[in-house]
Amino acid sequence: MLPHLTDLVIIDVDEDESAVVIEAAVAAPSARCPRCGTDSARVHSRYRRRLTDTPIASRSVVVRLLVRRFFCVNIACAAKTFTEQVEGLTRKRSRRTDQLTSMLTAIGSALAGRAGTRLARLLGLSTSRDTLLRLIRGLPDPPVGAVTVLGVDDFAIRRGQSYATVLLDMATHRPIDVLAGRDADPLAEWLAAHPQIEVITRDRAGAYAEGARRGAPQATQCADRWHLWHNLGQAVEKTVIAHRSCLTAAVAAKHEPIVTASEITSATPTLVTEFGPEPEDRPGLLQERARERFDAVKRLHAEGKGLRTIAAELGIDRKTARRYAAATSPDDVIAAAASRVMLLDEFVPHLLTQWNSGRTDIAVLTAELRRLGYRGSQRTVYRFLQPYRTGRKPARPAVVKPVAPKIRTVVAWIMRNPDNLPADDAGKLSRILDACPELAATRRHVGAFAVMMRDLRGERLHWIDLVRTDDLPALHSFTTGLKHDFAAVTAGLTLPFSNGATEGAVTRIKALKRQMYGRAGLDLLRKRVLHPN
């Protein structure tokens with residue numbers, strides 16, 4: 001509908017079942033030159049503009065507006081003539097009213113191209129996806145404003161290929177800019193143009209630390225506490241893996257499996273056949289193989305060979321080669337393998353019991369497991385039972401040895417607040433810590449760090465020296481990283497600022513990417529980030 005415009009005269013309204021045509025004219029005695037701002041009443045000529053307006057009751061609305069072209073009376077102005085515009089209704093060279101343009105822009109900003117077009121058609125607005133995308137790209141950047149606390153984080157445009165950086169005003173949690181790349185230079189240039197920044201919250205990325213140091217030396221860098229806690233958890237996981245033999249020793253001392261209710265005998269039972277017991281796994285050999293593969297993959301990757309070529313030369317899967325290439329040490333791969341949870345683990349005892357009783361139909365066994373809650377595929381069950389298909393006679397019942405808890409379970413116990421740990425889990429953790437002084441020391445250091453982080457007591461970072469007194473290599477690496485970024489870590493453990501809002505903005509950006517099928521260029525994605533609905 002047309003807004004209330006005092007300078008507009010409605011001449012006639014013609015309507016039928018499908019459309020409404022409004023004849024109108026501009027009644028203002030003069031108009032202002034858009035270049036020099038001089039008022040003019042000298043009319044050069046007249047012509048009609050055809051403008052599409054918002055629909056009425058599913059009927060399209062067309063405004064046939066009689067406008068005038070004026071002479072500019074300012075002889076110094078470069079414009080000799082100009083056409084009058086009606087504020088709130090028309091724009092230069094536009095065939096839509098301002099209200100319709102605003103509606104289409106809002107639809108495009110919320111839903112992008114294809115989805116926005118479908119919604120617009122349901123509302124009676126005729127448009128195309130290209131039009132919506134042009135409207136989004138034509139949006140002006142919102143003003144940055146007076147930002148004193150800035151949040152910085154990266155996100156992937158194409159994962160593994162190209163990245164960008166999002167900047168947030170932490171006072172309003174509003175995205176204020178998106179920069180191409182995640183290097184130090186773009187951030188340093190942006191910060192140099194905005195010297196009012198006082199605090200910068202960021203993750204542990206070295207590029208952002210360097211960019212903030214160069215572009216805003218006056219600002220206080222604040223490392224995000226969640227990332228600090230996450231990095232500590234990774235160090236604890238490596239420590240538990242290094243001392244996983246202590247977990248087995250604690251189980252043997254108790255003569256019972258230490259497993260949680262959700263981990264009912266997750267380890268594979270020992271199957272006893274007519275040929276004798278199946279050979280047990282040898283973790284030492286697996287670790288040695290992992291280190292050999294890590295060295296080989298890194299060597300070939302340094303020679304410039306691709307992952308497919310490396311996988312073919314070493315006889316491994318391409319995903320395995322990629323996992324080794326991305327790892328910083330063999331322990332990273334070993335940790336991931338040791339903490340991996342398989343869908344079939346919980347149902348292994350029942351499956352082997354049925355197999356040993358003579359039930360060997362994979363489809364029947366899979367259907368029975370699914371009734372018990374199994375969510376995996378039949379192929380997984382087949383691969384698990386394949387080594388046992390060589391013996392035709394039924395085997396004797398499987399013997400389930402007491403097993404230690406999973407690596408990640410122990411890590412979760414160590415990282416959790418003792419006051420919130422169930423009594424049963426607390427007892428199991430206590431037995432493990434009694435059997436392993438190194439894990440006991442790890443739990444003590446984790447508790448001290450948690451209190452320091454919760455109470456924002458960054459002045460207690462002499463905690464680093466206390467960790468150094470114990471033989472905990474993984475924690476030593478963690479503390480080395482803290483020392484390299486000591487000022488930002490101290491600020492992160494002292495100031496109340498957090499990078500959580502920036503992480504939330506990244507999550508929203510991922511939703512926008514999925515909405516655009518992951519094919520949006522940075523220019524379009526940037527506009528949608530800066531103009532949220």
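In the block above lies the structure referred to throughout.
Residues numbered from 1 in each chain as written. Predicted model: local features only at pLDDT ≥ 70, side-chain atom pairs only at ≥ 80, totals over all residues. Heavy atoms only, no water.

With that out of the way, let us pick up the pairing of strand E11 (residues 199-202). Of the two faces of E11, the one lined by Val199 and Thr201 and the one lined by Ile200 and Arg202 are each fully buried. With three bridges connecting them, strand E8 (residues 149-158) and E11 associate as parallel partners. Within the sheet, the bridge partner assigned to Val149 lies in E11 and is Val199. When E11 meets strand E12 (residues 220-223), the two strands line up parallel, connected through four bridges. If you follow Thr201 over to E12, its bridge partner there is Cys222. (Buried < 20%, exposed > 50% of the residue type's maximum accessible area, 1.4 Å probe, protein only. Helix = DSSP H or I, 4+ residues; strand = E, 2+ residues; numbered from the N terminus. Pairing = 2+ DSSP bridges.)

It is worth spelling out helix H4 (residues 184-192) at this point. Residues Ala184, Leu187, Ala188, Trp190 and Leu191 constitute the buried set of H4. Seen along its axis, H4 keeps its buried residues to an arc of 165°; they face one direction. Every exposed residue of H4 that faces more than 90 degrees away from the buried side is listed here: Glu189 and Ala192. Its buried side turned inward, H4 meets E8, strand E9 (162-169), strand E10 (174-180), E11 and helix H5 (206-215). (Arc of directions from axis to C-beta. Contact = heavy atoms within 4.5 Å.)

Turning our attention to the packing of helix H1 (residues 98-111) against helix H3 (residues 129-137). Orientation of H1 relative to H3, taken along the N-to-C sense of each, is 95°, at an axis distance of 9 Å. Here H1 lies roughly perpendicular to H3, going by the angle between them. Contact residues: H1 offers Thr101, Leu104, Thr105, Gly108 and Ser109, while H3 offers Leu132, Leu135 and Ile136. Its residues assigned to classes, the contact of H1 with H3 shows four nonpolar, four polar and no charged. (Axes fitted to C-alpha atoms, helices over the stretch in contact; angles between N-to-C directions. Parallel < 35°, antiparallel > 145°, perpendicular 65-115°, else oblique. Nonpolar A, V, L, I, M, F, W, Y, C, P; charged D, E, K, R; others polar.)

Now for the pattern of salt bridges. Considering all chains together, one arrives at 23 salt bridges under this definition. Among the ionic pairs, Arg59 bridges to Glu15, the shortest N-O distance being 3.3 Å. Pair noted here: Arg59 is in strand E6 (residues 59-71) and Glu15 is in strand E1 (residues 8-15), with a separation of 44 residues, a long-range link. Judged by relative accessible area, Arg59 falls into the partly exposed class, the value being 21%. One salt bridge connects Glu303 with Lys305, and the closest N-O pair in it is separated by 3.9 Å. Since its relative accessible area comes to 48%, Glu303 is described here as partly exposed. (Salt bridge = Lys/Arg side-chain N within 4 Å of Asp/Glu carboxyl O.)

A word on the sheet that holds E11. Read across the open sheet, the five strands follow the order E10-E9-E8-E11-E12; overall the sheet is mixed. Two strands lie at the open edges of the sheet, namely E10 and E12, each paired on one side alone. For this sheet, the mean angle separating the axes of adjacent strands, direction not counted, is 30°. Those strands touched by H4 are E8, E9, E10 and E11, and its axis lies near 130° from that of E10. Of the strands in this sheet, E8, E9, E11 and E12 are in contact with H5, which crosses E12 at around 165°.

Turning to the environment of Arg225, a few remarks are in order. Checked against the element boundaries, Arg225 lands in helix H6 (residues 225-242). Separated by 273 residues in the primary sequence, Arg225 and Ser498 have C-alpha atoms spaced 6.9 Å apart. Arg225 has contacts with Met453, Leu456, Gly492, Leu493, Leu495, Pro496, Phe497 and Ser498, leaving out every residue within four places of it along the chain. Among the polar contacts made by the side chain of Arg225, one reaches the main-chain carbonyl oxygen of Phe497 at a distance of 3.2 Å. (Polar contact = N/O pair within 3.5 Å; in protein donor to acceptor, adjacent residues only side chain to side chain.)

Judged by side-chain charge, Arg308, Arg318, Lys319, Arg322 and Arg323 come together as a positively charged surface patch. Relative accessible area serves as the criterion here: at 44%, Arg322 is assigned to the partly exposed category. (Patch = residues over 30% accessible without salt bridge, like charges linked within 9 Å, V, L, I, M, F, W, Y side chains within 5 Å. Areas by Shrake-Rupley, 256 points an atom, 1.4 Å probe, with all protein chains shown as cover. Lys, Arg positive; Asp, Glu negative; His and termini not counted. Charge placed at Lys NZ, Arg CZ, Asp CG, Glu CD.)

Counting buried positions along E8 yields nine of 10 residues, so the element is predominantly enclosed. With eight bridges connecting them, E8 and E9 associate as antiparallel partners. Along E9, the bridge assignment pairs Asp154 with Thr165. Between E8 and E9, which follow one another and run antiparallel, lie three residues, and Gly160 among them has a positive phi close to 85°.

For the rest of this paragraph, the subject is the packing of aromatic side chains. Under the defined criterion, the tally for this structure stands at five aromatic pairs. Aromatic pair Phe449 and Phe478: ring centres 5.9 Å apart, planes at 75°, arrangement edge-to-face. In this pair, Phe449 is assigned in helix H17 (residues 437-454) and Phe478 in helix H19 (residues 473-484), connecting sequence segments 29 residues apart. Where Trp463 meets Phe478, the ring centres are 6.2 Å apart and the plane angle is 80°; that geometry is what we call edge-to-face. (Phe/Tyr/Trp six-rings, centres within 6.5 Å; stacked < 30°, edge-to-face > 60°.)

Looking at the secondary structure, you find Thr83 in strand E7 (residues 81-83). For Thr83, the side chain forms a polar contact with the side chain of Arg69, separated by 3.2 Å. If near-sequence neighbours (up to four positions away) are discounted, Thr83 is found in contact with Tyr47, Val67, Arg68 and Arg69.

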